[in-house]
Structures are given as C-alpha cells and as structure tokens.
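Read off the chains here:
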Amino acid sequence: ITAISCIFMVEVTILDYAMKVLAKDKFASQFPDDPLAATEAFAQFMGFFGQATNTLSFCLSLLGTSFVIRTLGLKTTLLLFPTLLVLAGGLVY
C-alpha cells in the first residue's frame with residue numbers, strides 16, 4: 001500500500017504540473033500583449049477547476065465510496081484508483 005501511495009503521489013504531481021504548464025501557455029497565447037490579463041485568466045481557470053474537482057471529489061466520496069468497497073472489496077478498490085490513474089496518465093501523454 002505504501003508503494004502504491006508513493007507512485008500515486010508522484011503521478012499526481014506530474015499530471016498537476018503538466019496541466020498547469022499547458023493552461024498557462026494557453027492563456028499566454030490568448031493574451032500575448034497583456035501578461036496581466038493572461039495571469040488573471042489563468043487564476044480564474046484554476047479557481048474554477050479547483051471548485052469543480054473538489055465538488056466532484058466530495059460528492060463521489062460521500063455517495064460512492066461505500067458502494068465501490070462493498071461491490072469490489074477493499075483490496076480491489078485500493079488497487080483500482082492508482083491503476084486508473086496510470087491509465088489516465090498514459091492517455092494524456
């Protein structure tokens with residue numbers, strides 16, 4: 001479990017960095033002559049993204065965790081999330 005948690009955190013950090021670099025580049029290209037507007041647009045995007053992901057995470061934690069554990073079992077559930085994350089990371093790159 002410790003190794004899976006470590007791999008998960010490394011992957012989350014890499015995906016988070018990649019997402020921020022891509023978003024910052026996108027807003028910099030939308031506002032090439034106004035770095036302040038690009039920074040404000042990036043901050044607005046990050047705020048919206050944070051709210052959306054935290055709301056989704058809260059709802060899934062509240063409503064879905066017990067169902068998934070009862071259906072798949074604890075061991076499979078613990079292995080499922082990092083596995084899906086690795087697959088998502090592979091799709092991104």
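Residues numbered from 1 in each chain as written. Predicted model: local features only at pLDDT ≥ 70, side-chain atom pairs only at ≥ 80, totals over all residues. Heavy atoms only, no water.

(A) Quick look at the packing of helix α1 (residues 2-30) against helix α2 (residues 35-72). Two elements in contact, α1 and α2, have axes whose closest approach is 8 Å; the angle formed by their N-to-C orientations is 140°. When the axis of α1 is compared with that of α2, the two are oblique. As α1 packs across α2, the resulting crossing turns out to be right-handed. Contacts from Met19, Lys20, Ala23, Lys24, Phe27 and Ala28 in α1 reach Ala38, Ala41, Phe42, Phe45, Met46 and Phe49 in α2. Classifying every residue of the contact of α1 with α2 by side-chain character gives ten nonpolar, no polar and two charged. (Axes fitted to C-alpha atoms, helices over the stretch in contact; angles between N-to-C directions. Helix = DSSP H or I, 4+ residues; strand = E, 2+ residues; numbered from the N terminus. Parallel < 35°, antiparallel > 145°, perpendicular 65-115°, else oblique. Left-handed = near helix turned anticlockwise from the far one by under 90°. Contact = heavy atoms within 4.5 Å. Nonpolar A, V, L, I, M, F, W, Y, C, P; charged D, E, K, R; others polar.)

(B) View of the packing of aromatic side chains. Evaluation of the coordinates by the stated rule reveals two aromatic pairs. Note on Phe27 and Phe45: the rings are 5.9 Å apart at their centroids and 50° apart in plane angle, and the pair reads as tilted. Taken together, the positions of Phe27 in helix α1 and Phe45 in helix α2 put the pair 18 residues apart, joining distant regions of the chain. Residue Phe45 is classed as partly exposed on the basis of its relative accessible area, which comes to 27%. (Phe/Tyr/Trp six-rings, centres within 6.5 Å; stacked < 30°, edge-to-face > 60°. Buried < 20%, exposed > 50% of the residue type's maximum accessible area, 1.4 Å probe, protein only.)

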